[in-house]
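Chains, contacts and geometry: an overview
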Amino acid sequence: MAEPITIATWPFGRTAVEAAMKALARGESALDAALAGAQAVEADTTIRNSVGFGSLPDRLGRLTLDACLMDGRTLACGAVACVEHIRHPSALARRVMEKTPHVLLVGEAAKWFALEQGFRLEVPYTLESLKEWLEKHPDRPNRETPNKNPQPAGAETSGAAAINISEFNHDTVTVLSLDAKGHLGGVCTTSGLAYKLPGRVGDSPIIGAGLYVDDTAGAAGATGVGEEILRIGGSLFIVEQMRAGKSPQEACELACRRAHAATARRGVHPTRVAFLALDPQGNVGAACTEKTNFQYAVGRGEKVELLPAKAIGPTP
Ligand code: ASP
């Protein structure tokens, strides 16, 4: 018998961990527990600037959600990306896993599948999220002065649009659970980066980038600038490091170093990524790049605590 444990990204991960630990205490599987945790965060519109309904829309004011999940027992997985008007994209990802032979459905087709599966379409905005969009997004209508310098410190400057990320607009909850039978399960759900280009999809719904779970090696998840995480296949990289004998902590630190090396090769600074990992024995690890200020929630038994992740700077 393993001691059940759940870890989740960011301070709002506490909500996810509490829900997941209750599910594990009822004897539910790691996958069910992680899903219960992710849905608790998706359902909470008071978690501002973050996951699910009430979070920050794209540049056109549309809230599009991404999610995936993975079962460590079988490597079964499912995902949806760029889906609108669905309150629980993680539950929809589970339907993709269970009801189709596929892994990923996107956009309008994912919404059509949701309707076919009996999901309700809902208005995803809150007054607060719309007000914030009208006040802050870089290309808002009727802006009086040209948007000369919209990039916050740390924005990625390459490509057509700057990436707007700060410690205040992280949008992803990744939940990793280990159940009493020693199985691992994980869920990653997000509204993506605030004010993203319409159609942009980050790492979160991509198996191997935002999430990877394998009972024979470990589970890992990510948050931060999705483009940086996609480039290094962040979560699969960490799981493979654990398979090769690294601890969850060492594996997360190596992933941060790899992300730094990737941004250095492109001449883009700074890197903004964070990872967390859980091995089949219940050991946890987490690391982030500097200035990410990443904290994660850990639940064992009835205790839930918020821990700072180790910050990793670029190797000189
Ligand atoms: N990783 C997410 C994305 O790029 C954003 C986040 O974690 O805050 O869509």
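The preceding data block contains the structure.
Figured I'd write up the structure that's included with this text.

What counts as what
- Residues numbered from 1 in each chain as written.
- Predicted model: local features only at pLDDT ≥ 70, side-chain atom pairs only at ≥ 80, totals over all residues.
- Heavy atoms only, no water.
- Helix = DSSP H or I, 4+ residues; strand = E, 2+ residues; numbered from the N terminus.
- Buried < 20%, exposed > 50% of the residue type's maximum accessible area, 1.4 Å probe, protein only.
- Core = buried A, V, L, I, M, F, W, Y, C linked by side-chain atoms within 4.5 Å.
- Contact = heavy atoms within 4.5 Å.
- Pairing = 2+ DSSP bridges.
- Axes fitted to C-alpha atoms, helices over the stretch in contact; angles between N-to-C directions.
- Left-handed = near helix turned anticlockwise from the far one by under 90°.
- Nonpolar A, V, L, I, M, F, W, Y, C, P; charged D, E, K, R; others polar.
- Expected span 1.5 Å × (residues − 1).
- Near = heavy atom within 4 Å.
- Polar contact = N/O pair within 3.5 Å; in protein donor to acceptor, adjacent residues only side chain to side chain.
- Areas by Shrake-Rupley, 256 points an atom, 1.4 Å probe, with all protein chains shown as cover.
- Parallel < 35°, antiparallel > 145°, perpendicular 65-115°, else oblique.

Time to look at the environment of Lys303. Topologically, Lys303 is positioned in strand β12 (residues 303–308). Judged by relative accessible area, which is 54%, Lys303 ranks as exposed. The spatial distance from the C-alpha of Lys303 to the C-alpha of Val17 is 9.9 Å, given a sequence separation of 286 residues.

Another aspect to go through is the nonpolar core. One finds Val173, Ile238, Phe275 and Phe294 to be the most contacted residues of the largest nonpolar core, which totals 69 residues. When near neighbours in sequence (up to four residues on either side) are disregarded, Ile238 contacts Ala220, Ala251, Cys252, Ala255, Phe275 and Ala277. By size, the runner-up hydrophobic cluster in this structure holds 15 residues, among which are Leu63, Ala67, Phe113 and Ala114.

Pairing is mixed across the open sheet formed by five strands, whose spatial order is β7-β8-β9-β10-β13. Only two strands of the sheet have a single partner each, and these edge strands are β7 (211–214) and β13 (310–312). Averaged over all pairs of adjacent strands, the angle between strand axes in this sheet comes to 20 degrees, irrespective of strand direction. Bridge count between β7 and strand β8 (residues 218–224): four bridges; the pairing is antiparallel. Across the sheet, Val213 pairs through a bridge with Ala219, a residue of β8. Against the sheet, helix α7 (residues 234–243) makes contact with β7, β8 and β9 (273–278), and its axis sits at roughly 145 degrees relative to β8, the strand it touches most. Along the sheet face, helix α8 (residues 248–266) touches β9, β10 (284–289) and β13 and points at about 20 degrees away from the line of β10.

Time to look at the packing of helix α1 (residues 13–25) against helix α2 (residues 30–43). Two numbers describe how α1 lies on α2: the axes approach to 7 Å, and their chain directions differ by 145 degrees. Between α1 and α2 lies a crossing of right-handed hand. Two secondary-structure elements touch here, α1 through Thr15, Ala16, Ala19, Ala20, Ala23 and Leu24 and α2 through Ala30, Ala33, Ala34, Ala36, Gly37, Ala38, Ala40 and Val41. Here the residues of the contact of α1 with α2 sort into 12 nonpolar, two polar and no charged.

It is worth spelling out the pairing of strand β5 (residues 172–178) at this point. The element β5 is extensively covered by neighbouring structure, given that seven of its seven residues are classed as buried. Residue alternation in β5 divides its side chains into two sets, Thr172, Thr174, Leu176 and Leu178 and Val173, Val175 and Ser177, and both sets are buried. Relative to β5, strand β1 (residues 5–9) runs antiparallel, the two sharing four bridges. Residue pairing across strands places Thr6 opposite Ser177, the latter belonging to β5. Connecting the antiparallel pair β5 and strand β6 (residues 184–190) is a turn made up of five residues, with Gly182 showing a positive phi of about 85 degrees.

Counted at 1.5 Å a residue, the expected span for α8 with its 19 residues is 27 Å, and the 28 Å between its end C-alpha atoms agrees. Within α8 the residues assigned to the buried category are Pro248, Ala251, Cys252, Glu253, Ala255, Cys256, Ala259, His260, Ala262 and Thr263. Buried positions along α8 lie against α6 (226–232), α7, β9, β10 and β13. Note on α8: the residue one or two positions beyond its end, Gly267, has a positive phi of about 70 degrees.

It is worth spelling out the sheet that holds β1 at this point. Taking strand neighbours across the sheet as the criterion, the eight strands line up as β4-β3-β2-β6-β5-β1-β11-β12 in an open arrangement whose pairing is mixed. Strand pairing shows two members of the sheet lacking a second neighbour, β4 (104–106) and β12, which therefore form its edges. Neighbouring strand axes in the sheet, compared pairwise and without regard to direction, differ in orientation by 10 degrees on average. The sheet contact formed by strand β3 (residues 77–83) and β4 spans three bridges and is parallel. Bridged to Ala79 within β4 is Leu104.

Below, the discussion takes up the site of the ligand. In the region of the ligand, 11 residues are neighbours, and Thr172, Arg200, Asp203, Thr223 and Gly224 sit closest. One nitrogen or oxygen atom from the side chain of Thr223 is found 2.5 Å from an oxygen atom belonging to the ligand. In the environment of the ligand, a nitrogen atom lies 2.7 Å from a nitrogen or oxygen atom belonging to the backbone of Gly224. Summarising the interface, the protein chains cover 100% of the accessible area of the ligand, which totals 270 Å² for the free molecule.

Direction vectors running N to C along α7 and α8 enclose 135 degrees, while the axes themselves pass 9 Å from each other. By the angle class used here, α7 and α8 are oblique. Regarding α7 and α8, the two cross each other, and that crossing is right-handed. The segment α7 lies against α8, with Phe237, Ile238, Gln241 and Met242 engaging Pro248, Ala251, Cys252, Leu254, Ala255 and Arg258. When the residues that make up the contact of α7 with α8 are grouped by side-chain class, the tally is eight nonpolar, one polar and one charged.

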